[in-house]
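# Results of the structural survey
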Amino acid sequence: MEDIDRQRTLDYFERLGKERVRLYTAINCERFLGDWQVRELADEWLDAKNAEDTPRPLWRRLLSDRR
């Protein structure tokens, strides 16, 4: 997948939102999103969104503030 296609797909995921991308990947990714490369990108994107939503431990927040 080329960089421009990757960026367009990530922008599309942002517009769809986390819940809809999760739903599409669970039901039939090829039908709604595209081939296996898009499926892997969707899984990576969902993992990143879940990591954003997970609160960081206090010690990590303190260490990142010191840098």
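These figures come from a predicted structure and were not determined experimentally.

Here is what the cut-offs are and how they apply
- Residues numbered from 1 in each chain as written.
- Predicted model: local features only at pLDDT ≥ 70, side-chain atom pairs only at ≥ 80, totals over all residues.
- Heavy atoms only, no water.
- Axes fitted to C-alpha atoms, helices over the stretch in contact; angles between N-to-C directions.
- Helix = DSSP H or I, 4+ residues; strand = E, 2+ residues; numbered from the N terminus.
- Parallel < 35°, antiparallel > 145°, perpendicular 65-115°, else oblique.
- Left-handed = near helix turned anticlockwise from the far one by under 90°.
- Contact = heavy atoms within 4.5 Å.
- Nonpolar A, V, L, I, M, F, W, Y, C, P; charged D, E, K, R; others polar.
- Expected span 1.5 Å × (residues − 1).
- Buried < 20%, exposed > 50% of the residue type's maximum accessible area, 1.4 Å probe, protein only.
- Arc of directions from axis to C-beta.
- Phe/Tyr/Trp six-rings, centres within 6.5 Å; stacked < 30°, edge-to-face > 60°.
- pLDDT = per-residue confidence, 0-100.

On to the packing of helix H1 (residues 3-16) against helix H3 (residues 36-53). As a packed pair, H1 and H3 sit with axes 11 Å apart at the nearest point and diverge in direction by 50°. As the angle between them shows, H1 and H3 are arranged oblique. In this structure, the crossing between H1 and H3 has a hand that is right-handed. Contacts between H1 and H3 involve Arg6, Thr9, Leu10, Phe13 and Glu14 on the former and, on the latter, Val38, Leu41, Ala42, Glu44, Trp45 and Lys49. Within the contact of H1 with H3, the residues separate by chemical class into six nonpolar, one polar and four charged.

In a regular helix each residue adds 1.5 Å, so 14 residues correspond to 20 Å; H1 covers 20 Å between its end C-alpha atoms and thus fits that length. Among all positions of H1, only Thr9, Phe13 and Leu16 are buried. Buried residues of H1, seen end-on, are gathered within an arc of 65° and therefore sit on one face of the element. In this structure, H1 carries Asp3, Arg8 and Arg15 as exposed residues pointing more than 90 degrees from its buried face. Downstream of H1 by one or two residues, glycine 17 has phi in the positive range, about 95°.

Next up on the list: the packing of aromatic side chains. Throughout the structure, instances matching the rule amount to one aromatic pair. For the ring pair phenylalanine 13 and tryptophan 45, a centre distance of 5.6 Å and an interplane angle of 50° mean the geometry is tilted. In this pair, phenylalanine 13 sits in helix H1 while tryptophan 45 sits in helix H3, placing the two residues 32 residues apart along the sequence.

As a further point, take the confidence of the model for the protein chain. Residue-level pLDDT values for the protein chain average 80, and 82% of them are 70 or greater. Element-level mean pLDDT values for the protein chain span from 66 in helix H4 (residues 58-66) up to 90 in H1.

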